[in-house]
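Residues per chain are reported as follows:
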Amino acid sequence: MRQMARRGFVTGAAGAVAGAMGGAVLAGDAVAAPVRQGPASRTVDGPGREGAPPHGGGHRTARRELRGVWVATVANLDWPSKPGLTAAAQRAELIGHLDEAVDRRLNAVMLQVRPTADALWPSPYEPWAQYLTGVQGKDPGWDPLGTAVREAHDRGLELHAWFNPYRVANHTDPSRLAAAHPARRHPDWVLPYGGKLYYNPGLPEVRRFVQDAMLDAVRRYDIDAVHWDDYFYPYPVAGQEFADDAAYAQYGAGFPDRAAWRRDNTDRLVRETGERIKKIKKNVRFGISPFAVWRNAATDPRGSATKAGVQTYDDLYADTRGWIKKGWIDYICPQVYWNLGFAAADYAELVPWWNEVVRGTGVDLYIGEALYKAGDPAQPAAWQDPAELSRHLDFAAACDQVRGHVYFSGKDVVEDRIGAMTRVVDDHYPGRVRPPR
């Protein structure tokens, strides 16, 4: 079942929104902004859609919803297309992703700005990311995060800064890190596992450091949200142990077992980060995009009717359901990366499950969508149908707590291999709208 475990190829393979955009305002307050003519274009006043008169009378204001795209920088998955481009070329490619989001009538970009314990801004805590210049620590000659925030807001897009808390490198050789890298200055913070290097989540000094490093961006930039994906403790690798014995011996007293201690470590990271964000800028949101299975119902009756090989509570030591119930986060965006009818983890089972988990909590629910699977010959037959993803949105529309969708990933929005994204836009996004707030 390892193939179910989310964006595996990401690591190994791989202020409010501006009211105006080019002189037009976004639906949700008034009419939708015009976009380019082409295959993704559609009139605003389609029947039953945003901007359509309800039952023959008056103008109906469009419902706010999040329409997002992940733009990954790790391993140059989405952007930059390769390391070592000039600053001008990097900026042009970044602007291209933002313009594509506008053309697809999206309203948020989740830009990965801390992929491997490094930074896409001039951070006092960590080196420049190697994915910019090809050399970790080398100044690219511009400020990607600052530029992304400004250019996104100019286009009526939210910019969610996407951070990975604990991943240090996609290899296990510390000597390959920049000389001044914190992981080299504090080798006791780092553990190798599964061919990668990770900061040890069990060390209080690590938790404080990674928070400080991420929150530097909150202080310095007008980002709309802090966004995390599904990496907390690493995904399990058969036959290997995460060697945190020393930290458990030092800090694990009072817990019934190591799993409970590890979950508490992750809980502390989430709770403390959320509290610190609000102290810095109360309007910056905190969202997490986890692997979509909290626990299978066979493991816990509160879990989903799934048979997933990975359960975040048990395998990643991430109590995603608990964070919602305790109100530690502003939104949750589970990666429901399976088709309708997929036996082990059915989209039609998971979306209603999450719908009920968030009910009454004040936490917004967005659904992570596997656009990257559409047209991939290695995927099941359902993903060869350009309409599969559009059917996801049809299904989710019946779940009253779902407030939007986020697509993985940027290059797939651009390439749109079999037209699945165009189908989504044609069927569901006749005009632009504002994100929820």
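Residues numbered from 1 in each chain as written. Predicted model: local features only at pLDDT ≥ 70, side-chain atom pairs only at ≥ 80, totals over all residues. Heavy atoms only, no water.

A. Fine view of the overall build of the protein chain. The secondary structure content of the protein chain amounts to 14 helices and 13 strands. As presented, the protein chain carries roughly 16,100 Å² of accessible surface, and 50% of it is formed by carbon and sulfur atoms. (Helix = DSSP H or I, 4+ residues; strand = E, 2+ residues; numbered from the N terminus. Areas by Shrake-Rupley, 256 points an atom, 1.4 Å probe, with all protein chains shown as cover.)

B. Representation of helix 12 (residues 388-396) within the structure. Buried residues of helix 12: Glu388, Leu389, Ser390, His392, Leu393 and Ala396, and no others. Against the buried residues of helix 12 lie helix 11 (347-358), strand 12 (364-369), strand 13 (402-408) and helix 14 (420-428). (Buried < 20%, exposed > 50% of the residue type's maximum accessible area, 1.4 Å probe, protein only. Contact = heavy atoms within 4.5 Å.)

C. Main features of the sheet that holds strand 5 (residues 158-163). The strand order 3-4-5-9-10-11-12-13 describes a closed barrel built from 8 strands, whose pairing is parallel. As paired strands, strand 3 (residues 66-71) and strand 4 (residues 108-114) are joined by 4 bridges and run parallel to one another. Residue pairing in the sheet places Trp70 in a bridge with Met110 of strand 4. Packing against the sheet, helix 4 (residues 144-154) makes contact with strand 4 and strand 5, and its axis sits at approximately 150° to strand 5. (Pairing = 2+ DSSP bridges. Axes fitted to C-alpha atoms, helices over the stretch in contact; angles between N-to-C directions.)

D. Main features of the sheet that holds strand 6 (residues 167-169). Here we have 3 strands laid out as an open sheet, ordered 6-8-7, and antiparallel in their pairing. Every interior strand has two partners, whereas the edge strands, strand 6 and strand 7 (190-193), have only one. Along the sheet, successive strands turn relative to each other by an average axial angle of 40°, direction set aside. Note that strand 6 and strand 8 (residues 196-199) share 2 bridges and pair antiparallel. In the sheet register, Arg167 faces strand 8, and the bridge partner there is Tyr198.

E. Structural detail: unusual backbone geometry. In this structure, Pro80 follows Trp79 across a cis peptide bond, with omega equal to -15°. For Pro80, the location among the structural elements is in the loop between strand 3 and helix 2 (87-103). Residue Ser409 follows Phe408 across a cis peptide bond; omega there is 0°. Within the element layout of this structure, Ser409 appears in the loop between strand 13 and helix 13 (410-415). For Asp416, which is not a glycine, the phi torsion comes out positive at approximately 45°. Residue position: Asp416 is located in the loop between helix 13 and helix 14. Judged by its relative accessible area of 9%, Asp416 is buried.

F. Just the packing of aromatic side chains, in detail. By the definition in use, this model includes 26 aromatic pairs. Ring geometry for Tyr337 against Tyr372: centres 5.7 Å apart, planes inclined by 75°, an arrangement best described as edge-to-face. Of this pair, Tyr337 sits in the loop between strand 11 (331-332) and helix 11 while Tyr372 sits in the loop between strand 12 and helix 12; the two residues are 35 residues apart in sequence, bridging distant segments of the chain. Tyr372 matches Tyr337 in its accessibility class, with the two residues each being buried. Here the aromatic cluster, defined as three or more aromatic residues joined through ring pairs, consists of Tyr193, Tyr198, Tyr233, Phe242 and Tyr317. Cation over ring: Arg167 sits above Tyr231, and NZ or CZ is 5.2 Å from the ring centre. (Phe/Tyr/Trp six-rings, centres within 6.5 Å; stacked < 30°, edge-to-face > 60°. Lys NZ or Arg CZ within 6 Å of the ring centre and 35° of its normal.)

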